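# A structural walkthrough
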Amino acid sequence: MAAFQERPVGFFTDTSICIGCKACEVACKEWNQLEGNKPELLLDSFDNTGQLDAQNWRHVQFIEQIPDNNGVVMNPTPIAGGQAWLMMSDVCKHCQNASCLEVCPTNAIVRTEYDSVFIQQDVCNGCRDCISACPYGVIGFNEKTGTAHKCTLCYDRLQNGLQPACAKACPTESIKFGYLDDLQAAADKRLAALQTAGYKKAQLYGRDAKVYGGLNAFFLLMDEPEVYKLPSAQNATLPSRNNLAGYAGGFVTAVVGLVAGVLAFRSQRMNEKTDATR
Amino acid sequence: MPPAEHFAAPPNWEWWILAYFFFGGISGGSYAIGTLLRLVGTPADQRAARIAFIASFVALLPCPLFLIADLGQPLRFINMLLDASGGGLSFKPWSPMSLGSWALLGFGLFSFVSFLGAVADGGWHAADPIARILRGTIGAVWNVIGTGLGFFVCGYTGVLLAVSNQPVWSDGWPLGGVFLASSLTGAAALLLLLARSRRDVDAGTSVRLELADRNFVVLEVVLIAVFLVTVAVAGTIGKMSGVWLLLWLVVILGLAAPFAFTRVDAARRWAPVTAPILALLSVLALRALVIFSAQT
Ligand code: SF4
């Protein structure tokens, strides 16, 4: 099959129709030959995956907004009596301004011809700076390969004209793959329909440039971003925000340190001179 | 300002990185103090300057090894400097890890040459030509540039942590300054320790070093306070409390020791090496608590 055109592609994940089946997780592991972590009972709703990491490049979150033992609903939704069971298939966002790519010292992380963010496994040296930078906790360190791993947006499949495995497997089309402009148009329509139906908290996350210059894998959320462990637009900041202040602080400290040192060494010298002339 | 939100995963930078931050800081700080002693000190201070340059290089020696050992693919350490995918050099000035790799390489050269000069002055005549060159203006310029690079090695480690999305680290932009100031106090403590255990170092030099040490401590305390304010404003200061208070205690003891040594009667009876050892432990504890608390 012919490869996709060299245009920005991405995912539009519509959480309003995710049913939490985890087909995406399974398809991703199958195609990318990820062994998965040792199974664990996390006692966190239906979630036994836990997080995105080197073995989980898709992770379905389950967020229960149901009454607790005292009958109180935390973060109640404005519909369905305030109760909801939110699900979201999380993934690398292939950010336009990608924190991981920004800090990578070896140029192992690159932007592909499809505008996705890709870790070159033969270049990565396992320094893990990208892990400390990714604001979404997407990247994991693989002990066996000694390198950082994350979703490749099925780069190999794209080159062969196949859509990513997760989107292909998703039975409800909650995960849609396509050219970015098409996905954005579809998302706008879907949001309008939901809001008309009364879902006032429904919102698009990463559709526009407010979050990291725009996300190539963006979401339709049914609640605030923080509920899904996504930083709000205000908190979505790049690591480099601290470069200038950090170095300036270091520079000022160095100057003050030198002055402090000179004062110490010279003042005592003066004392000695004074003592000698007495 | 709303509290910062952090959903980043920890990079699991642990003991190798702690060791690197400690030794790199001591090395850069020692070089700077060596330069100060050489350029503004008395002739009697030159012995201590020599010790400082030697200490700087010896402390620097294991640093690349710590960094390489921490890599998942140690044999690819060279990718920090050479671009394995595009060819040419790997140089990203906006990435502190990239910049730091180059600074470490450059500082290694300056520290090594100054070390050779110092050992030549101490009687190893094979390096005499280098010592001769370093004695004049060229030597002064060499020391000043080396000090700039040394300071960078001391401080960029803090900037590296701040340039992330981790709690505490990315909330505390003054970390670069904190680590730099703490490197100076650590290096001054190490030199005092060495000076007090040797007879050939001038007593006046020790007094000057003590004063410099106390000045550096004041600077460090101010910067730690600013750092804590930034972290408190971001709402992540809680990550540095609990069990980490033990390490804070070590930090405070080390910072207080140089003052106690001169002002408190009971402390004056301590062995002369006590205060410097406490100060060095404090440098280590500060880095440990910053590195580990954010990742747990
Ligand atoms: S989500 Fe994280 S890993 Fe993915 S592109 Fe953005 S910063 Fe990089």
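Since the structure is predicted, the reported quantities are computational estimates derived from the model, not experimental observations. (Residues numbered from 1 in each chain as written. Chains lettered and ligands numbered in written order. Predicted model: local features only at pLDDT ≥ 70, side-chain atom pairs only at ≥ 80, totals over all residues. Heavy atoms only, no water.)

## Remarks on the environment of Cys63(B)
Residues and elements named next belong to chain B.
- Among the secondary structure elements, Cys 63 is positioned in helix 3 (residues 63-70).
- On the basis of relative accessibility, which here comes to 0%, the residue Cys 63 falls in the buried class.
- For the pair Cys 63 and Gly 150, spaced 87 residues apart in sequence, the C-alpha to C-alpha distance is 13 Å.
- Once residues within four sequence positions are removed from consideration, Cys 63 is found in contact with Tyr 20, Phe 23 and Gly 24. (Helix = DSSP H or I, 4+ residues; strand = E, 2+ residues; numbered from the N terminus. Buried < 20%, exposed > 50% of the residue type's maximum accessible area, 1.4 Å probe, protein only. Contact = heavy atoms within 4.5 Å.)

## Some words on the interface of chain A and chain B
- With 63 residues of chain A at the interface, the matching set in chain B holds 64 residues.
- When the two sides are added together, the surface that chain A and chain B hide from each other amounts to roughly 5000 Å², 58% of it contributed by carbon and sulfur.
- Taken together, chain A and chain B are joined by one salt bridge.
- Between Asp70(B) and Arg128(A) there is a salt bridge, with its nearest N and O atoms 2.9 Å apart.
- Elements represented by at least two residues in the side of chain A that touches chain B include exactly helix 2 (99-103), helix 3 (129-133) and helix 7 (243-277) of chain A.
- For the side of chain A that touches chain B, the element with the most residues is helix 7 of chain A, which contributes 21 residues. (Buried area = accessible area lost by both parts, 1.4 Å probe. Salt bridge = Lys/Arg side-chain N within 4 Å of Asp/Glu carboxyl O.)

## Some thoughts on the packing of aromatic side chains
- Within the structure shown, the criterion is met by 26 aromatic pairs over all chains.
- Measuring from ring centre to ring centre gives 5.8 Å for Phe21(B) and Phe179(B), while their planes differ by 65°; the resulting arrangement is edge-to-face. Note that Phe21(B) is positioned in helix 1 (residues 15-40) and Phe179(B) in helix 7 (residues 175-196), a separation of 158 residues in sequence.
- We classify Phe21(B) as buried; its relative accessible area is 2%.
- For Phe179(B), a relative accessible area of 0% gives the class buried.
- Through successive ring pairs, a cluster of aromatic residues spans Phe4(A), Phe11(A), Phe177(A) and Tyr179(A).
- The ring of Trp31(A) has Arg157(A) sitting right over it, with the charged end atom 4.6 Å from the ring centre.
- Over the aromatic face of Phe179(B) sits the side chain of Arg287(B), whose NZ or CZ is 4.8 Å from the ring centroid. (Phe/Tyr/Trp six-rings, centres within 6.5 Å; stacked < 30°, edge-to-face > 60°. Lys NZ or Arg CZ within 6 Å of the ring centre and 35° of its normal.)

## Observations regarding the pairing of strand 1 (residues 9-14) of chain A
Residues and elements named next belong to chain A.
- The buried count for strand 1 comes to six of six residues, which makes it a mostly enclosed element.
- Here strand 1 shows a buried face lined by Val 9, Phe 11 and Thr 13 and a second buried face lined by Gly 10, Phe 12 and Asp 14.
- Alignment of strand 1 against strand 8 (residues 175-179), held across five bridges, turns out to be antiparallel. Paired with Phe 11 across the bridge in strand 8 is Phe 177.
- Bridging between strand 1 and strand 10 (residues 217-221) involves four bridges; their strand directions are parallel. Bridge assignment links Thr 13 to a residue of strand 10, and that residue is Phe 219. (Pairing = 2+ DSSP bridges.)

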